[in-house]
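These are the residues of each chain, in order.
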Amino acid sequence: MERSVPRLLVSQNGHEIDSARLWAEQRRPELLDLFAEQVYGRQPVQRPEGMTFTASLPDAACFDGKAVRKTIAIAFTGEHGGEGRIRLTLYVPAEADGIQQGRRYPAFLLFDHGRLSAEANELHATSSFWPVEQIVACGYATAMIAAEDIDPDEHDGFRNGVHGLFDAIDRPRASDAWGTIAAWAWGLSRAMDYLETDPAIDPARVAVIGHSRGGKTALWAGALDERFAMVVSNESGCTGAAISRGKAGERIHQINTVFPHWFSENYKRYNNREDELPVDQHMLLALIAPRLLYVSSAAEDEWADPASEYLSLQLAEPAYRLYGADGLASEPFPQLDSPLHAARCGYHIRAGRHDLTEVDWTYVLAFAKQRL
Ligand code: GTR
């Protein structure tokens, strides 16, 4: 289906963007600004001054000694007092005698929105949402942080979580103030701040992954923070990977009504007015270029709309081409469970329902192999 979307490689003042340099210096910053202002809201703080990392004693006995688990508390103080704490659970592949000294592993950082628990526990060992044993067996470390530690997923007028810690208290909330998705994305960057310091992690090879609302979060985190070498959106749908104009399933007015806290106040202007948005979601995907990008869908997930997720990835290709990488623009929509893996972009649609499963992980890990 043909859809008319804003032009990726034409700047707001009408100039053609025909080189990687123009993209990086002009178009990318202006698109980031448009998404921050009109969609996700602006983060008022980056890395808080005085943020600390406190690691627990590693637990070496995971999966018959194949992995070492560490838990880290990322702690910070709010702008007007108050304390924040994000718990990060990290598994690192291990040999029989523990972590190999001096070896640095690529890693998958998962954003959890209530499927797991911020508390490190045995559930992680058996969850198909986060199949740690499978990931570690492929030679990757894997870390997880949870929404509940950053900003609880409820509309409380932005009082709890990091909104309460960092939002201005002396003036009314701005129409481009950060919503919950932007707050979660901020948390992923703080997790990256830690991973950069861990001697077992290769900070140049960290992938960020999330499912559904977590997929929207992973995409916005990956767009903002170029330290992420790979970004994976699993079934992120509306205001995630999927093109908004002409989308089936969930639309902007629905997401803004059911989840009024997820995005900026400005985004509500586009309820039933997708055509007035200065951006569409292929531009969000393009902000990941030239880094690795993986989008996945599930056949029964009509709410997310697989066709609009795939179209978005195809329409992001021109940004990759500026860096000399082909995408999937010429590939027809794939068969179920037949992943398409180009040089820097990948896609699959799996049989079944809305979920992140071991099958998704299998395809994602196969894409990451040799690339990440
Ligand atoms: C739905 C929401 C979707 C998606 C999903 C999820 O209710 O409408 O946009 O984010 O939740 O996170 O599971």
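Just above, that's the structure.
All values reported here derive from a predicted model rather than from experimental measurement.

Trainee: Before we move on, could you go through the pairing of strand β8 (residues 230-234) and cite the residues and values that matter?
Mentor: With 5 of 5 residues buried, β8 is to be regarded as a mostly interior element. Of the two faces of β8, the one lined by M230, V232 and N234 and the one lined by V231 and S233 are each fully buried. Here strand β7 (residues 201-211) pairs with β8 via 5 bridges, running parallel. From the neighbouring strand, A207 faces β8, where its bridge partner is M230. Read as a crossover between parallel neighbours, the route from β7 over helix α7 (residues 213-224) to β8 is right-handed. Across 5 bridges, the pairing between β8 and strand β9 (residues 292-298) is parallel. Note on β9: the bridge partner recorded for N234 is S296.

Trainee: Give me the packing of aromatic side chains: which residues, what numbers.
Mentor: The full count for this structure, using the stated rule, is 22 aromatic pairs. Centroid distance Y267 to Y270: 6.5 Å. Interplanar angle 50°. Geometry classified as tilted. Clustering of aromatic rings is evident, with ring pairs tying together F35, Y40, W220, F259, W262, F263, Y267 and Y270. In this arrangement the basic side chain of R173 is found over the ring face of F158, its NZ or CZ atom lying 3.4 Å from the centre. The aromatic ring of W186 is capped on one face by R190, whose charged end is 5.1 Å from the ring centroid.

Calculation rules
Residues numbered from 1 in each chain as written. Predicted model: local features only at pLDDT ≥ 70, side-chain atom pairs only at ≥ 80, totals over all residues. Heavy atoms only, no water. Buried < 20%, exposed > 50% of the residue type's maximum accessible area, 1.4 Å probe, protein only. Helix = DSSP H or I, 4+ residues; strand = E, 2+ residues; numbered from the N terminus. Pairing = 2+ DSSP bridges. Right-handed = clockwise from strand over helix to strand, strands pointing away. Phe/Tyr/Trp six-rings, centres within 6.5 Å; stacked < 30°, edge-to-face > 60°. Lys NZ or Arg CZ within 6 Å of the ring centre and 35° of its normal.

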